[in-house]
Amino acid sequence: QVTLVESGGGLVQAGGSLRLSCGASRSIDRFISMGWYRQTPGKQRELVAAIASGGTRAYADSVKGRVAISRDNAENMVYLQMVSLKPEDTAVYYCNARTGSPDWDTYWGQGTQVTVSS
């Protein structure tokens, strides 16, 4: 099994920046993709950013141009750099990892709160 632990959330003012970190308990080379999702009360968890094993990145339209996902395979870390934060970015942010064949497992971190004040 895999444990994912997020950190870096907090309270920031609109226009501020945060870098979220996700550490994995095993090599992230085995994941076909890793990503960041966010969720607010009453809403479904939504994709913020994802990075595939080959390096392809995907971003939600709402954050495109303001966030960047990256990974450090040697340190088993995935990061989400966020700039120009807006109040609507307020959510619990979750780290996600997916394995490929043969198990096709999905793992989630416990979440880290991001609050952007206006």
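Structure: above.
This report concerns the structure included in the present document. (Residues numbered from 1 in each chain as written. Predicted model: local features only at pLDDT ≥ 70, side-chain atom pairs only at ≥ 80, totals over all residues. Heavy atoms only, no water.)

### A few points about the nonpolar core
What counts, and what does not: The set of buried Ala, Val, Leu, Ile, Met, Phe, Trp, Tyr and Cys residues whose side-chain atoms join them within 4.5 Å is what this entry labels a nonpolar core. Three exposure classes are used, based on accessible area relative to the maximum for each residue type with a 1.4 Å probe and protein chains only: buried under 20%, partly exposed in between, and exposed over 50%. Only runs of H or I of at least four residues qualify as helices and only runs of E of at least two qualify as strands under DSSP, and these elements are numbered from the N terminus. Any pair of residues with heavy atoms lying within 4.5 Å of one another is described as a contacting pair.
Residues Leu4, Phe31, Met34, Trp36, Leu80, Met82 and Tyr93 are the most contacted members of the largest nonpolar core, which totals 29 residues. Sorting the residues of this core by element identifies β3 (18-24), β4 (31-39), β5 (46-52), β7 (67-72), β8 (77-82), β9 (91-99) and β11 (112-117) as the ones contributing at least two each. Those residues within four positions of Phe31 in sequence are excluded, and the remaining contacts are Val2, Ala24, Arg26, Ser53, Ala97, Arg98, Thr99 and Tyr107.

### Here's the deal with the side chain of Ser33
Among the secondary structure elements, Ser33 is positioned in strand β4. Sequence-distant contacts of Ser33, defined by excluding residues within four places in its chain, comprise Ile51, Ala52, Asn96, Ala97 and Arg98.

### Thoughts on the packing of aromatic side chains
Let me state the cut-off plainly: A pair of Phe, Tyr and Trp rings is counted when the ring centres sit within 6.5 Å of each other, with Trp represented by its six-membered ring. The angle between the planes then sorts it: under 30 degrees is stacked, over 60 is edge-to-face, the rest tilted. Counting as a charge over the ring demands two things of the Lys NZ or Arg CZ atom: a distance within 6 Å of the ring centre and an angle within 35 degrees of the ring normal.
Within the structure shown, the criterion is met by two aromatic pairs. Ring geometry for Tyr37 and Trp108: centres 5.0 Å apart, planes at 75°, overall edge-to-face. Taken together, the residues Tyr37 in strand β4 and Trp108 in strand β10 (residues 106-108) connect sequence positions 71 residues apart. Between Arg45 and the ring centre of Tyr94, over which it is positioned, the NZ or CZ distance is 3.6 Å.

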